[in-house]
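Now for the letters of each chain:
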Protein chains: 2
Amino acid sequence: MQRIKLVIQYDGSDFVGWQRQKNGRTVQQEIECAINKITAEDVTVVGSSRTDAKVHALNQVVHFDTNSTIPANRFKIALNDILPDDVSVISSKKVSPNFHARFDVKKKSYEYYLSTEKQFCPLKRKYMTHIEKILDIDKMRKCAELFLGTHNFKGFCSAQAQVKNFERTIYTLKITQKKDVYRFSITGSGFLQHMVRIIVGTLVEVGYGKILQETVKSAIDNGDRKLAGRTMPPQGLYLKKIYF
Amino acid sequence: MQRIKLVIQYDGSDFVGWQRQKNGRTVQQEIECAINKITAEDVTVVGSSRTDAKVHALNQVVHFDTNSTIPANRFKIALNDILPDDVSVISSKKVSPNFHARFDVKKKSYEYYLSTEKQFCPLKRKYMTHIEKILDIDKMRKCAELFLGTHNFKGFCSAQAQVKNFERTIYTLKITQKKDVYRFSITGSGFLQHMVRIIVGTLVEVGYGKILQETVKSAIDNGDRKLAGRTMPPQGLYLKKIYF
């Protein structure tokens, strides 16, 4: 038996998400099927992040076990031959049987792209979210500092999230602007369901003056979802990097 | 009756092309249907360029006639409300009844994007073409000069093209490189079917040494399709601008 670690990229547009589901096309299923075609084994692939429908990944890490004697680095080429063109393997290598793509994660980085262009080009519609408001980047940056550190993020989490522990640590949260495009870069110990999208949605509403910074502080302190902003659409979200 | 000129953008990925066809989704049909929802008229929309399946447009110009008294500039907003999210109207205005989106065209510009990245990201697959060869940009630039001016482009045209006159004028043909991405920018009096894609395909094969510049000269002089390079895939092609 060997444990293989893959780093993969995908365009999330035509997936209902990472995780195998009864209905809908998932990245996990595509990879498991492709491995099955190579090794004839029914493997379960474990991913570092369960990205949602339409969320992209530039650097998702996964592992699986195989009894195949195919050299680990050959899986990259073999899988890329089989996988559909919206999923790609960047690297494949043998790792210790103790390595775990989910449990061993130390930090994760996500990026969110937002356009405030007057004329939003349809070519960008799956890769960034468009809003028509004018944003005050200084206000957003100041408010972003509130999220740094360890907090109970119950107020910034989908009601559907099946977890007991809402405590997560945010290490960095940076907002950069290039013409009409804003990039939110966030690194944390881990993220609850929809957490990045709700944090960005909250900062955006702060940026156009709908939510005050004091309210955001209350949302963090009291874990009150109603005080936080809206959940941004998935289209602008990218899983950027997994740190072990 | 008023004649309306629209400037539109679209993501060509999910279209079988501009022109209305029996089978398959076309941009022309989407626009005609949207106009019908607004005016209840069956209009025919004339486009400047009949872009192929999967080819994108940043600046397609179209015209149509309507008996509706809706102010011309309102069509932009009304159409964008109805159109699917892969087509967008940039502007709408009233023009002279003599204006013709196809016959009045003086020049057209197209761009073609090509990536030679080792690791091609699946997020780019619909928006540029990937090749794994190393290209000699100096060779390509030198050869590009052969295309400038007025020539019979029969050798650089699809066999299916239904035209009698193969004479076209190329005004500019520039190749620029940013890291591993090459951009081919071409402006001409007009283009035959697949002409831009065959010219780029020919230059690419010159760039990796498969075709000699002398052969390209013969292909132009003799109108021999077999001497020219392959037709590049549509994914990297953008209709950039129409000049009247």
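Quick caveat: nothing in here was measured; it's all calculated off a predicted structure.

Below, the discussion takes up the packing of helix 3 (residues 137–144) of chain A against helix 4 (residues 195–207) of chain A. Residues and elements named next belong to chain A. Where helix 3 meets helix 4, the closest approach of the two axes is 8 Å, and the angle between their N-to-C directions is 135°. In terms of orientation, helix 3 lies oblique with respect to helix 4. Here the hand of the crossing between helix 3 and helix 4 comes out right-handed. Contacts between helix 3 and helix 4 involve K139, M140, C143 and A144 from the former and L203, V204, V206 and G207 from the latter. Split by residue class, the contact of helix 3 with helix 4 holds six nonpolar, one polar and one charged.

This part is about the relation of the copies chain B and chain A. Superposing chain B onto chain A takes a rotation of 180° plus a shift of 0.0 Å along the axis, which leaves an RMSD of 0.0 Å. This pairing of chains is accounted for by a two-fold axis. The share of interface residues of chain B whose copies in chain A are also at the interface is 100%, consistent with both copies meeting through the same surface.

Residue and element names in this part refer to chain A. The first and last C-alpha atoms of helix 4 sit 18 Å apart over 13 residues, in line with the 18 Å expected at 1.5 Å per residue. Among the 13 residues in helix 4, 13 count as buried, and that is most of the element. At the exit of helix 4 stands G209, carrying a positive phi of roughly 85°.

Turning our attention to the domain arrangement of chain A. How large an interface is tends to be reported as the accessible area lost when its parts come together. Residues and elements named next belong to chain A. Taken domain by domain, chain A comprises domain 1 (2–95) and domain 2 (107–243). Taking only C-alpha atoms into account, the centre of domain 1 sits 28 Å from that of domain 2. Across the interface of domain 1 and domain 2, roughly 1,300 Å² is buried in total on both sides, 55% from carbon and sulfur atoms. Sorting the residues of domain 1 by area buried against domain 2 places H56, L58 and N59 first, and these three jointly supply 37% of that buried surface.

Looking now at the interface of chain B and chain A. Between chain B and chain A, the residue contacts involve 22 residues of the former and 22 residues of the latter. Note on chain B versus chain A: buried area summed over both sides is about 1,700 Å², and carbon and sulfur give 54% of it. Looking at the side of chain B facing chain A, the largest losses of area belong to Q119(B), L123(B) and R125(B), adding up to 38% of the total buried there. Seen at the junction of chain B and chain A, the total is 10 residue pairs in polar contact (both at pLDDT 80 or more). Within the residue set of the side of chain B that touches chain A, elements represented by two or more residues are strand 1 (2–10), strand 3 (56–66) and strand 4 (87–95) of chain B.

Take the pattern of salt bridges next. This structure, assessed with the given rule, holds 28 salt bridges over all chains. Where R197(A) meets D52(A), a salt bridge forms, and the shortest distance between an N and an O atom there is 3.3 Å. Placement of the pair is R197(A) in helix 4 and D52(A) in the loop between strand 2 (46–47) and strand 3 (56–66), with a sequence separation of 145 residues. You can call R197(A) buried: its relative accessible area is 9%. Here the salt bridges share partners, and the residues they tie into one network are D11(A), D85(A) and R125(B).

Residues and elements named next belong to chain A. One can find T66 in strand 3. The exposure class assigned to T66 is buried, which follows from its relative accessible area of 1%. Here the side chain of T66 touches E41 through a polar contact of 2.5 Å, side chain to side chain. Separated by 2.9 Å, the side chain of T66 and the backbone nitrogen of S68 make a polar contact. T66 has contacts with M1, Q2, I4, T39, E41 and F75, leaving out every residue within four places of it along the chain.

Right, let's talk about the packing of aromatic side chains for a bit. Applying the stated criterion across every chain, the model contains 15 aromatic pairs over all chains. Between the aromatic rings of F64(A) and F75(A), the centroid separation amounts to 5.5 Å while the plane-to-plane angle is 75°, which identifies the pairing as edge-to-face. With F64(A) in strand 3 and F75(A) in helix 2 (residues 74–82), the pair connects residues that are 11 residues apart, well separated along the chain. An angle of 90° between the planes, with centres 5.5 Å apart, marks the rings of Y110(B) and F191(B) as edge-to-face.

Time to look at the confidence of the model for chain A. For chain A, the average pLDDT comes to 97, and 100% of its residues sit at 70 or higher. Across the predicted assembly, pTM comes out at 0.94 and ipTM at 0.90.

Residues and elements named next belong to chain A. Of note, V105 is situated in the loop between strand 4 (87–95) and strand 5 (107–115). Its relative accessible area of 15% is what places V105 among the buried residues. Through-space distance from the C-alpha of V105 to that of D136 is 34 Å; in sequence the pair is 31 residues apart. Excluding its chain neighbours within four sequence positions, the residues that come into contact with V105 are S48, I242, Y243 and F244.

Bringing the environment of V27(A) into the picture now. Residue and element names in this part refer to chain A. With respect to the secondary-structure elements, V27 resides in helix 1 (residues 27–39). Between the alpha carbons of V27 and A159 there is a distance of 24 Å; along the sequence they are 132 residues apart. Ignoring any residue separated from it by four or fewer positions in sequence, one finds V27 in contact with I8, Y10, F15, G17, W18 and V87.

Conventions used here
- Residues numbered from 1 in each chain as written.
- Chains lettered and ligands numbered in written order.
- Predicted model: local features only at pLDDT ≥ 70, side-chain atom pairs only at ≥ 80, totals over all residues.
- Heavy atoms only, no water.
- Axes fitted to C-alpha atoms, helices over the stretch in contact; angles between N-to-C directions.
- Helix = DSSP H or I, 4+ residues; strand = E, 2+ residues; numbered from the N terminus.
- Parallel < 35°, antiparallel > 145°, perpendicular 65-115°, else oblique.
- Left-handed = near helix turned anticlockwise from the far one by under 90°.
- Contact = heavy atoms within 4.5 Å.
- Nonpolar A, V, L, I, M, F, W, Y, C, P; charged D, E, K, R; others polar.
- Least-squares fit on C-alpha atoms with pLDDT ≥ 70 in both.
- Expected span 1.5 Å × (residues − 1).
- Buried < 20%, exposed > 50% of the residue type's maximum accessible area, 1.4 Å probe, protein only.
- Domains from an automatic or database assignment.
- Buried area = accessible area lost by both parts, 1.4 Å probe.
- Polar contact = N/O pair within 3.5 Å; in protein donor to acceptor, adjacent residues only side chain to side chain.
- Salt bridge = Lys/Arg side-chain N within 4 Å of Asp/Glu carboxyl O.
- Phe/Tyr/Trp six-rings, centres within 6.5 Å; stacked < 30°, edge-to-face > 60°.
- pLDDT = per-residue confidence, 0-100.

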